[in-house]
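# Notes for the structure review
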Amino acid sequence: MTIRRSMAAALAAVFGFALLLVPPSGAVSPAHAAPGGDKEVVVHLFQWRWESVAAECESTLGPNGFGAVQVSPPQEHVVLQGEGYPWWQDYQPVSYSLDDTRRGTRADFVDMVDRCEDAGVRIYVDAVLNHMTGSGSVDSGPGSAGSDYTKYDYPGIYQSRDFHDCRRDISDWNDKWEVQNCELVGLSDLDTSSEYVRDRLAGYLNELIGIGVAGFRYDAAKHVPLADVQAINSRLDDVDAAWGGGRPYVFQEVIGDQTIAPGEYVPAGDVTEFQYHRDISNAFKNGDIAHLTGLGGNLVDGEQAVVFVANHDTQRSHPTLTHTDGDRYDLAQAFMLAHPYGTPKIMSSYAWSGSNDTGPPMGSDGETRATDCADARWVCEHREVAGMVGFRNAVDGTSIGDVATGSSGQLAFARGDRGHAAFNATGGAWSRTFDTDLPDGTYCDVANGTFVDGECDGPSYTVSGGSFSAQVPADGAVALHVAAQGEGTGPGGPGDPDEPGGTAAVGFHANVTTWYGQNVLVVGDLPQLGSWNPDDAVAMSSADYPIWKTTVDLPLDQRFEYKFIKRNPDGTVEWESGGNRSYTPSGPVTLNDDWR
Ligand code: ARE
């Protein structure tokens, strides 16, 4: 860790970035565990039924290397028929019974934990510790498992004395005492300083650990004093031997503000980093990403931060960039997976229109439907970035290396000699040759496909002599890593059924004398060669000056025309003389030319 930190500092000095942060090391502190070893990516399958989560672990999450699923709160909750069964019923516990929630039974839950474990995927439970029910339209039972209750009275669990005395809404958010002792949106606020309440909460969490749950999101953690969170943590059992038997992973929902900073809760576990969410969402929304290698300086140390582009609250309250933004949003989630900072949490949403209270697809009794990703009501955006999860896992332990930028919306970086990714938050393709430390070879583009069991269903790119040429799609990315090598079958790849001829790697070697500051590019009639637009021409490497080199994958058996151009430092372009050059590749080839 010390070595990585000093490398990061050196790079920061070279590139002038404010701060380069590195991913968690997997070390276990006495207070809490680090996220899932070398598989740290979390996906929030918001409101998914237990059996649907299990199926997703088997079909998608395990094979693609996801580390964990955050599941919606598994405990008896209020049932608000009169309000159309809103999604937020879950955040009003009635009891800690797992018997019946809108997402399934206790048996379904246990089966999910087992099946996900078999697929190598941990379950993190969204745990509501701060409060019980509110006094909305329905303030008495029964709850989803049939329990009677009224606000401040939950028979057999809590009675009035177990709640804080400030029985009104938080009104002054600048007053920490109020934030922690009064009621968050009118929810009965548990007195977590009480030994009984602490035991009761820990009992619930330990039952989950006993089932095989490996970690928790503590909902509304900043409304529980730090000492109380730590007292609850100290009562927790170690997790299942399948997960190494150490402390459960704890991350706390702390929305930092002027009263409580997320860093305050680091002693009790990781914390959600909302400033990251704001910075990244805005940067991608505005197409202003070229500076993002260094992020900002005001973030919690990356080893303690859980990061996200959007979560289930922000997609409703601050929808800067959400699944409704399509490719640009997917691109931001892909970037988060490629960048070393924090523990990434991918959002997986359901679609809704109208009220933000609208619950997930459900039956007339409010029971949530099984997820079907082919049904547009389930967005399943985690599948759009599934290939990038392997990238995250493969580059673990490396820092950001070579950085390349084009316009302010374009950024590419190496992750040591293990990965290289390019992001293009503009409306046009970004063609260029990237210097890379990746070893020579053919790589699966995991930004546009997945790599499972040695099969690449995306395009592929060839790294040769320390560089690769790519056309990064508009609002898209290209990402290569050492654990995903081989020919792809995706668009542009040789095995693509839509492109029976496939492609061939065409090397351009041009002998060109230039003066200092000039660059040489190749441009031609194919989109891969910029369609004769000098702005989209493919840059060439001067590493073997005066021979300028690049390699581009071009369609097999298709004639193309091309020329070389020189670009001056002021942006003006000089074309070589004479007619267009042309070639028809029937396999990999190197074209040796002299500037005219
Ligand atoms: C519902 C109704 C309310 C009603 C209440 C009780 O909407 O009108 O009064 O029930 O009957 C979710 C929903 C709420 C819902 C609640 C319970 O979002 O609408 O209330 O469930 O059913 C603060 C907290 C933070 C919290 C956000 C929402 O600090 O912890 O508010 N986020 C978590 C979850 C939510 C969940 C809860 C907590 C409650 O992620 O999904 O609420 O369990 C500034 C402050 C932040 C503050 C933020 C928003 O940024 O710094 O601290 O966040 O504003 O107010």
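Quantities reported herein were computed from a predicted structural model and do not represent experimental measurements. (Residues numbered from 1 in each chain as written. Predicted model: local features only at pLDDT ≥ 70, side-chain atom pairs only at ≥ 80, totals over all residues. Heavy atoms only, no water.)

## Side note on the overall build of the protein chain
- When helices and strands are counted, the protein chain shows ten helices and 29 strands.
- Compactness check: the protein chain gives a C-alpha radius of gyration of 27 Å against a globular reference of 25 Å for 596 residues, within 12% of the reference.
- The dimensions of the protein chain, computed from C-alpha atoms along their principal axes, are 90 × 45 × 45 Å.
- For the protein chain, the residues scored as buried account for 56% of the 596 residues in total.
- Contacts in the protein chain between residues at least 24 apart in sequence constitute 70% of all its contacts with a sequence separation of at least 6.
- When the 39 basic and 83 acidic side-chain charges of the protein chain are each reduced to a single mean position, those positions are 3 Å apart. (Helix = DSSP H or I, 4+ residues; strand = E, 2+ residues; numbered from the N terminus. Rg over C-alpha atoms; globule rule 2.2 N^0.38 Å. Buried < 20%, exposed > 50% of the residue type's maximum accessible area, 1.4 Å probe, protein only. Contact = heavy atoms within 4.5 Å. Lys, Arg positive; Asp, Glu negative; His and termini not counted. Charge placed at Lys NZ, Arg CZ, Asp CG, Glu CD.)

## A short note on the site of the ligand
- Among the 22 residues in the neighbourhood of the ligand, the closest are listed as Asp219, Lys222, His223, Glu253 and Asp313.
- The side chain of Gln92 places a nitrogen or oxygen atom 2.9 Å from an oxygen atom of the ligand.
- Protein chains shield 72% of the accessible area of the ligand, which is 930 Å² for the free molecule.
- Here the shell around the ligand is composed, by residue class, of nine nonpolar, seven polar and six charged. (Near = heavy atom within 4 Å. Polar contact = N/O pair within 3.5 Å; in protein donor to acceptor, adjacent residues only side chain to side chain. Areas by Shrake-Rupley, 256 points an atom, 1.4 Å probe, with all protein chains shown as cover. Nonpolar A, V, L, I, M, F, W, Y, C, P; charged D, E, K, R; others polar.)

## Some words on the layout of surface pockets
- Space inside the second largest pocket adds up to approximately 530 Å³.
- Per-element accounting of the lining of the second largest pocket gives the leading share, six residues, to strand 14 (residues 430-435).
- Shared between two domains, the lining of the second largest pocket holds at least three residues of each, these being domain 2 (400-491) and domain 3 (503-594). (1 Å grid on protein atoms, 1.4 Å probe; cavity = no way out; pocket = protein on both sides within 12 Å on 5 of 7 lines; lining within 4 Å. Points joined across faces, edges and corners; volume = space filled by probe spheres on them. Domains from an automatic or database assignment.)

## Topic: the confidence of the model for the protein chain
- For the protein chain, per-residue confidence averages 91 on the pLDDT scale, and 91% of positions sit at 70 or higher.
- In the model, residues 1-31 has pLDDT below 50 throughout and makes 62 contacts with residues more than four positions away in sequence or in other chains.
- Confidence over residues 493-500 falls short of pLDDT 50; this stretch has 15 contacts with residues more than four positions distant or in other chains. (pLDDT = per-residue confidence, 0-100.)

## Some remarks on the pairing of strand 12 (residues 410-415)
- Counting buried residues in strand 12 gives six out of six residues, a clear majority hidden from the surface.
- The alternating pattern of strand 12 places Gln410, Ala412 and Ala414 on one face and Leu411, Phe413 and Arg415 on the opposite face, and all of these are buried.
- Bridge count between strand 11 (residues 400-405) and strand 12: four bridges; the pairing is antiparallel. Bridged to Val403 within strand 12 is Phe413.
- Taking the residues that link successive antiparallel strands as the turn, the strand 11-strand 12 hairpin has four residues.
- As paired strands, strand 12 and strand 13 (residues 419-424) are joined by six bridges and run antiparallel to one another. Across the sheet, residue Phe413 finds its bridge partner in strand 13, namely Ala421.
- Between strand 12 and strand 13, which pair antiparallel and follow one another directly, the connecting turn spans three residues, one of which, Gly416, has a positive phi of 55°. (Pairing = 2+ DSSP bridges.)

## Some points on the environment of Gly490
- Structurally, the position occupied by Gly490 is in the loop between strand 20 (476-481) and strand 21 (503-511).
- Using a relative accessible area of 2% as the deciding quantity, one classes Gly490 as buried.
- Measuring from C-alpha to C-alpha, the distance between Gly490 and Cys444 comes to 9.3 Å, with 46 residues separating the pair along the chain.

## Thoughts on helix 6 (residues 226-234)
- Taken together, the buried positions of helix 6 are Leu226, Asp228, Val229, Ala231, Ile232 and Asn233.
- The elements touched by buried residues of helix 6 are helix 5 (195-211), strand 6 (215-219) and strand 7 (249-252).

## Some words on the domain arrangement of the protein chain
- Annotation of the protein chain at the domain level lists domain 1 (33-394), domain 2 (400-491) and domain 3 (503-594).
- Taking only C-alpha atoms into account, the centre of domain 1 sits 51 Å from that of domain 3.

## So, the side chain of Arg328
- Take Arg328: it is sitting in helix 9 (residues 327-338).
- A polar side-chain atom of Arg328 sits 2.5 Å from a polar atom in the side chain of Asp475.
- When neighbours within four sequence positions are excluded, Arg328 is seen to be in contact with Phe284, Lys285, Asn286, Gly287, Leu321, Ala425, Thr426 and Asp475.

## Observations regarding the state of the cysteines
- Applying the stated criterion across every chain, the model contains four disulfides.
- A sulfur-sulfur separation of 2.0 Å characterises the disulfide bridge that pairs Cys373 with Cys380. Here the disulfide of Cys373 and Cys380 is left-handed, its torsion about the S-S bond being about -85°.
- Residue classification places Cys373 among the partly exposed residues on the basis of a relative accessible area of 22%.
- For the protein chain, the disulfide bridges join cysteines in the arrangement 1-2, 3-4, 5-6, 7-8, where the cysteines are counted in sequence order. (Disulfide = S-S within 2.5 Å.)

## Here we look at the sheet that holds strand 24 (residues 541-544)
- Strand order in this open sheet of four strands is 24-25-21-29, and the pairing throughout is mixed. The open sheet has two edge strands, strand 24 and strand 29 (589-594), and neither has a second partner. When strand polarity is set aside, the average angle formed by the axes of neighbouring strands in this sheet is 35°.
- With six bridges connecting them, strand 21 and strand 29 associate as parallel partners. (Axes fitted to C-alpha atoms, helices over the stretch in contact; angles between N-to-C directions.)

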